[in-house]
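Per-entry structural report
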Amino acid sequence: ALLTGQGSRVALLTTAPFQDVLLIGHQDRPDLFALDIRKRQPLYETVVGVDERVTSDGTIEQGLDLRHAREQIVALKERGTQSLAICLLNSYVNSTHELALAGLARDVGFENISVSSQLSPIAKFVDRCETTVTDAYLGPIVRRYLTTLYQQFGAEADVRLRVMTSSGGLVDYRDYSGNDSVLSGPAGGVVALERLSQAMGSRAPQR
């Protein structure tokens, strides 16, 4: 879904006026002197600026207008948005506003909500936004697939379905997120090779 652009219709909710945070990104360029710069298209379909501000020490400088925020979320729902990515400035130290937006989204009827302070509570705003949008883009598809897979095994049976994450660990399929899936294949290959070498009596080289 990520490689072919077949993900969900995502809206990014972020602190105004930073709606272009992912369009600007880190300004990394593979060819520094290229005149014809072609940027990759963002995964989100639309971005909405939310009036709020939390400082770097977690202080709420500008409170969240819940009524206006609800109106914005309702408008997204009416436009056919399938998944929400919520990533606010400095939410890694104070997630109050992000959690409030997620609560409003659930009340409006959104089932697929990705919250940056829960997925990747780090200071780097661009990276946190990218992680959250990726999760929102892939999450609904991954969850539908895993639910179908579980049912095919026989939902009534005592089936323990676990899925490998990008870190190489295993989690219950209900706790698996879209963001976990991006590097799960390469990670699975490394883990499988290690187990195979152990089964054959080989030892990994010491570094």
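Attention in this report is confined to the structure presented alongside it. (Residues numbered from 1 in each chain as written. Predicted model: local features only at pLDDT ≥ 70, side-chain atom pairs only at ≥ 80, totals over all residues. Heavy atoms only, no water.)

1. Description of the pairing of strand 1 (residues 10-15)
When you tally the buried positions in strand 1, you get six out of six residues, the bulk of the element. Bridge count between strand 1 and strand 5 (residues 83-87): five bridges; the pairing is parallel. Across the sheet, valine 10 pairs through a bridge with serine 83, a residue of strand 5. Note that strand 1 and strand 2 (residues 46-50) share five bridges and pair parallel. Along strand 2, the bridge assignment pairs leucine 13 with valine 48. (Buried < 20%, exposed > 50% of the residue type's maximum accessible area, 1.4 Å probe, protein only. Helix = DSSP H or I, 4+ residues; strand = E, 2+ residues; numbered from the N terminus. Pairing = 2+ DSSP bridges.)

2. Considering the layout of surface pockets
Volume-wise, the largest pocket comes out at about 680 Å³. Elements supplying a minimum of two residues to the lining of the largest pocket: helix 1 (21-24) and helix 5 (125-154). Its residues assigned to classes, the lining of the largest pocket comprises ten nonpolar, five polar and eight charged. (1 Å grid on protein atoms, 1.4 Å probe; cavity = no way out; pocket = protein on both sides within 12 Å on 5 of 7 lines; lining within 4 Å. Points joined across faces, edges and corners; volume = space filled by probe spheres on them. Nonpolar A, V, L, I, M, F, W, Y, C, P; charged D, E, K, R; others polar.)

3. Here we look at the side chain of threonine 132
Looking at the secondary structure, you find threonine 132 in helix 5. Look past the residues within four positions of threonine 132 in its chain and what remains in contact with it is Ala85, Ile86, Cys87, Ser114, Val115, Ser116 and Leu119. (Contact = heavy atoms within 4.5 Å.)

4. Looking at the packing of aromatic side chains
Within the structure shown, the criterion is met by two aromatic pairs. A ring pair is formed by phenylalanine 18 and phenylalanine 125, whose centres lie 6.2 Å apart and whose planes are at 90°; its orientation type is edge-to-face. Of this pair, phenylalanine 18 sits in the loop between strand 1 and helix 1 while phenylalanine 125 is found in helix 5, placing the two residues 107 residues apart along the sequence. Judged by its relative accessible area of 13%, phenylalanine 125 is buried. Taken together, a centroid distance of 4.7 Å and an interplanar angle of 20° make the contact between tyrosine 150 and tyrosine 173 stacked. Of this pair, tyrosine 150 sits in helix 5 while tyrosine 173 sits in the loop between strand 8 (170-172) and helix 6 (184-199), placing them 23 residues apart in sequence. By relative accessible area, which is 14% here, tyrosine 150 ends up buried. It is lysine 77 that lies over the ring of phenylalanine 110; its NZ or CZ is 4.8 Å from the centre. (Phe/Tyr/Trp six-rings, centres within 6.5 Å; stacked < 30°, edge-to-face > 60°. Lys NZ or Arg CZ within 6 Å of the ring centre and 35° of its normal.)

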